[in-house]
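Chains, contacts and geometry: an overview
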Amino acid sequence: MQLSKILQNIEYTLIKGNTETEISDVIYDSRKVTDGTVFVALKGYNVDGHKFVPQAVKSGASAVVISDNVDIPEDITVIKVDDTRKALAYMSAMLFGEPEKELTTIALTGTKGKTTTVAMLKSILDAEGIKSGTIGTLGIIIGNKIYKTNNTTPESYEIQHAMRMMVDAGCKVMIIEASSLGLKWHRTDAIYFDYGIFTNFSHDHIGDSEHKDLEEYLQCKALLFKQCKKGIFNIDDKVFDRITENATCDITTYGFSEKADIVGYDDNLISKPGYIGVNFKTKGLKTLDVNVAIPGRFSVYNALAAMTTAIEMGISDEAILKGLDTVKVKGRVEAVKVPGNYTLLIDYAHNALSMENILETLREYNPHRLIVLFGAGGNRPKVRRYEMGETAGRLADLSVLTEDNSRDEDVMDIINDIIEGGLKKTNGKYVVVPKRQDAIRYCMENAEDGDIIVLAGKGHEDYLEIKGVKYHLDEREVIADIIADMNK
Ligand SMILES: CC(=O)N[C@H]1[C@@H](OP(=O)(O)OP(=O)(O)OC[C@H]2O[C@@H](n3ccc(=O)[nH]c3=O)[C@H](O)[C@@H]2O)O[C@H](CO)[C@@H](O)[C@@H]1O[C@H](C)C(=O)N[C@@H](C)C(=O)N[C@H](CCC(=O)O)C(=O)O
Ligand SMILES: Nc1ncnc2c1ncn2[C@@H]1O[C@H](COP(=O)(O)OP(=O)(O)OP(=O)(O)O)[C@@H](O)[C@H]1O
C-alpha cells in the first residue's frame, strides 16, 4: 500500500522523501523491520523507540514515523507527527483496510467483570447465530482459534490486524476489553465504537508503569465514552456521575436502582448438580426472568451489562436467555459435567486473594462440603503458598493438596510448605495426593451429594511445568478419562 494512503487519516509533516513510496508493512519494533516497511518509533516505559531508528533504517525500513527530531542521513522518507502511538493506530487501520467499517464494534471498560461480560455477550450472539471475535485477557479469540497476546488490550496494530482476521473469518461483531492503560496509550484509537460498556470502578492499577493516581485511572476509563456512539452504564456504581459527565455518547443504564433503564431485581442464587449461578428478573426497557450460569451476586451486574447491550443491538429475548443460561468462561469457575450429584469446577485462582474470592462466593451456595484442590508454583516466593494454605484451611471443608507448576522444586517440599506455613495455622482438614491426575480422581471418587469441588490453579492452561518441561495436562481431558474409567 502507498505510504500516502496509510497516512490518510493523520496530520503529519513530511520532513524528507516522498509519500508515494510503496510500503509492505507497518512496524513498531525495530527488531522486526524488513525491507520496504515503515517503522513507527514509540516512546516506551523502558526505552524510547526513537533510539532504534538507525537500526530500523539499517534493516531496510523505507520510511520512519517520529515525534522527536532524529538525525537520519540515509535517503529514506521521514514523517513527523505529534504522537506516534496515535499515528500507529490510524496507520494500522488503513493498512488493514479499515476493518471497523465491516464490524459492529463493542468495547468494555471497568475494574472487574470485563472478561466475564465479554463471554456473556459472545454467548448471547452465538445463540442468535451471529459470529463474533473477542480481544481481551484470554487473548484474541476467533472461532476455535486463540492467539495469545501480551496485554489485555493489545497494541493498536494487533487490534486492527485481529479485526481484519475476524472479518475474513466471517465475524460480524468484535468485542474488546478496553483496559484503562489501553485507552491511555491510544491502543484503541482509530475505532469509533458502536457500543461502549462501563462495568464498575474500584482501586486498582496504580503504580509506576500504570496510573499515577485514582483520578487518572478514572479519566482514562472515561475516554471510551467520547469514543463510542452508545454507552451502556452501571448506574449503581459510585462513579456513575463522574464517568458520564463528559460522555459524548447516548446513555443507557442498568442496575438495581429504580432509575436504571433496565432494572434488575429479585436476585437469587441457583445451585443444582453441575450448574451454579444466579437468577434475577428485569423490568424497565425489558421484562425477563434470567438464569446466568456463572456464580456470584456480581454475575447479575455482568449479565445486566451484556443483556442491555444485546437489547440495544436488537437481539432476541430467546438468544439473551439462552446465551446467559449456557455461558462459560474457560477456566474461570467453569462447571464440568460429571455423572454424580455434585458440582465440579475448574478455576484459575492461583493466589490467596483469588482463592478467597472464589471460596467465599461458593460458600454462599451452602454446599454440603466445599472442597478445594490446589498446589502452588515452584521457584516463586514461599509466602504465596503459605497464604494459599491458610486461606484454603480457613474457607474450605477439605483441601486436596497436589502439584501445580513445580518448576525446579520438589512437589513434596512445596506441599509441606503449604501445610506447615499455612494450613496448620487453621483447623482445616487436608489430604495429600501429589500427582494432579490422581488428586482429581480422589475428588471425584470421594464426592458426596451436594459437594462443590474446585480444581484451582490451572484454569484455561493445559500444561504442568516441571523441571523446564511443559507436560500436557488439560483438566477437562483428565476428568473425561476418569468418567470413562468409572463407567467401565
Ligand atoms: C508498562 C507497559 O504498559 N508496557 C507496554 C509497552 O511496553 P514498553 O513501554 O515497556 O516498551 P519498551 O520496551 O519501552 O519499548 C518502547 C518501544 O521501543 C521498541 N523497541 C524496543 C527495543 C528494540 O530493540 N527495538 C524497538 O524498536 C518497542 O517495540 C516499543 O515500541 O508496550 C508494549 C507493546 O504495546 C506492551 O506489551 C507493554 O505492556 C506490558 C507487557 C505490560 O505489562 N503492560 C501492563 C501495565 C498493561 O498494559 N496492562 C493493561 C491492563 C491489564 C488489566 O486490565 O488487568 C493491559 O491492557 O494489558
Ligand atoms: N461485576 C463484578 N463486580 C465485582 N467483582 C467481579 C465482577 N465480575 C467479576 N468479578 C470478580 O473479578 C474476577 C475477575 O473477573 P473478570 O476476569 O471478568 O474481570 P476483568 O475485568 O476482566 O479483570 P482482569 O482484567 O483483572 O482479568 C472474577 O473472578 C470475580 O471474582
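Below, the structure is looked at part by part. Predicted model, so just to flag it, every value in this text is computed and none were measured. (Residues numbered from 1 in each chain as written. Chains lettered and ligands numbered in written order. Predicted model: local features only at pLDDT ≥ 70, side-chain atom pairs only at ≥ 80, totals over all residues. Heavy atoms only, no water.)

**Looking at the site of ligand 1**
The local shell around ligand 1 holds 23 residues, among which Ser 30, Tyr 45, Asn 151, Glu 155 and Ser 179 are the closest. Within the backbone of Thr 152, a nitrogen or oxygen atom sits 2.8 Å from an oxygen atom of ligand 1. For ligand 1, whose accessible area on its own is 1100 Å², the fraction buried by protein is 77%. Structurally, ligand 1 is housed in the second largest pocket. Looking at the shell around ligand 1, its residues break down into seven nonpolar, eleven polar and five charged. (Near = heavy atom within 4 Å. Polar contact = N/O pair within 3.5 Å; in protein donor to acceptor, adjacent residues only side chain to side chain. Areas by Shrake-Rupley, 256 points an atom, 1.4 Å probe, with all protein chains shown as cover. 1 Å grid on protein atoms, 1.4 Å probe; cavity = no way out; pocket = protein on both sides within 12 Å on 5 of 7 lines; lining within 4 Å. Sits in = over half its atoms within 2 Å of the grid points. Nonpolar A, V, L, I, M, F, W, Y, C, P; charged D, E, K, R; others polar.)

**Thoughts on the packing of helix α14 (residues 436-445) against helix α15 (residues 475-486)**
α15 packs onto α14 with a crossing angle of 55 degrees between their chain directions and a minimal axis gap of 10 Å. By the angle between their directions, the pair α14 and α15 is classed as oblique. In the crossing of α14 with α15, the sense of the turn from one axis to the other is right-handed. Taking contact as the criterion, the partners of Arg 436, Gln 437, Ile 440, Arg 441, Met 444 and Glu 445 in α14 are, on α15, Glu 475, Val 478, Ile 479, Ile 482, Ile 483, Asp 485 and Met 486. (Axes fitted to C-alpha atoms, helices over the stretch in contact; angles between N-to-C directions. Helix = DSSP H or I, 4+ residues; strand = E, 2+ residues; numbered from the N terminus. Parallel < 35°, antiparallel > 145°, perpendicular 65-115°, else oblique. Left-handed = near helix turned anticlockwise from the far one by under 90°. Contact = heavy atoms within 4.5 Å.)

**What about the site of ligand 2?**
If you check the shell around ligand 2, you find Thr 111, Lys 112, Gly 113, Lys 114, Thr 115, Thr 116, Thr 137, Glu 177, Asn 200, Phe 298, Asn 302 and Arg 332 and nothing else. The contact in question runs from an oxygen atom of ligand 2 to an N or O atom on the backbone of Lys 114, over 2.9 Å. Between an oxygen atom of ligand 2 and a side-chain N or O atom of Thr 115, the distance comes to 2.5 Å. Elements that contribute at least two residues to the shell around ligand 2 include exactly α4 (114-128) and α9 (298-312). Looking at the shell around ligand 2 element by element, the count peaks at three residues for α4. Taken together, the residues of the shell around ligand 2 break down into one nonpolar, seven polar and four charged.

**Describing unusual backbone geometry**
The phi torsion at Glu 98 lies on the positive side, around 45 degrees, for a residue other than glycine. As for its placement among the helices and strands, Glu 98 is situated in the loop between α3 (84-95) and β6 (104-109). Phi angles above zero are rare outside glycine, and Ala 190 is one such case at about 75 degrees. As for its position among the elements, Ala 190 is in the loop between α6 (180-184) and β11 (193-198).

**A few points about the sheet that holds strand β1 (residues 13-16)**
In space, the five strands of this open sheet follow the order β1-β5-β4-β3-β2, with mixed pairing throughout. The two strands at the open ends of the sheet, each matched to only one other strand, are β1 and β2 (26-27). Judged from the two bridges that link them, β2 and strand β3 (residues 38-40) form a sheet pairing that is parallel. When the bridges of β3 are listed, Ile 27 appears paired with Phe 39. (Pairing = 2+ DSSP bridges.)

**Section: the side chain of His 186**
Residue position: His 186 is located in the loop between α6 and β11. Separated by 2.9 Å, the side chains of His 186 and Asp 189 make a polar contact. Residues contacting His 186, with those up to four places away along its chain left out, are Asp 83, Arg 85, Lys 86, Ala 89 and Ser 156.

**Regarding helix α11 (residues 352-363)**
When the terminal C-alpha atoms of α11 are compared, their 16 Å separation across twelve residues agrees well with the 16 Å that a helix rising 1.5 Å per residue should span. Along α11, the residues that are buried comprise Ala 352, Met 355, Ile 358, Leu 359, Thr 361 and Leu 362. Buried positions along α11 lie against β15 (275-284), α9, β18 (343-347), β19 (370-374), α12 (382-395) and β22 (452-456). A distance of 3.3 Å separates the backbone nitrogen of Leu 353 from a side-chain oxygen at the start of α11, and that oxygen is part of Asn 351. (Expected span 1.5 Å × (residues − 1). Buried < 20%, exposed > 50% of the residue type's maximum accessible area, 1.4 Å probe, protein only.)

**Section: the layout of surface pockets**
Its volume calculated, the second largest pocket comes out at about 850 Å³. As for the second largest pocket, its lining consists of 28 residues, of which Tyr 28, Leu 42, Asn 150, Asn 151 and Glu 155 are closest to the centre. Here the lining of the second largest pocket gets four residues from one element, more than from any other, and that element is helix α5 (residues 156-168). For the lining of the second largest pocket, a count of residues per class yields twelve nonpolar, eight polar and eight charged. (Points joined across faces, edges and corners; volume = space filled by probe spheres on them.)

**A look at the sheet that holds β6**
Spatially, the eleven strands line up as an open sheet ordered β9-β8-β7-β10-β6-β11-β12-β13-β14-β15-β16, and their pairing is mixed. Two strands lie at the open edges of the sheet, namely β9 (145-147) and β16 (288-292), each paired on one side alone. Strand after strand, the sheet turns through a mean of 20 degrees between neighbouring axes, direction not considered. By the bridge criterion, nine bridges tie strand β14 (residues 262-272) to β15 in an arrangement that is antiparallel. Residue pairing across strands places Ile 262 opposite Gly 284, the latter belonging to β15. The strands touched by α4 within the sheet are β6, β7 (132-136), β10 (173-177), β11 and β16, with β10 carrying the most contacts at an inclination of about 170 degrees.

**Side note on α3**
Taking 1.5 Å of rise per residue, the twelve residues of α3 would be expected to cover 16 Å, and the 16 Å separating its terminal C-alpha atoms lies within 8% of that figure. Judged by how many residues are buried, α3 sits mostly within the fold: ten of twelve residues are covered. The set of residues buried in α3 consists of Thr 84, Arg 85, Ala 87, Leu 88, Ala 89, Met 91, Ser 92, Ala 93, Met 94 and Leu 95. Contact partners of the buried residues in α3: α1 (3-6), β2, β3, β4 (63-66) and α5. With a side-chain oxygen lying 2.9 Å from the backbone nitrogen of Arg 85, the N-terminal cap of α3 falls on Asp 83. Looking one or two places after α3, you find Gly 97, whose phi comes out positive at around 75 degrees.

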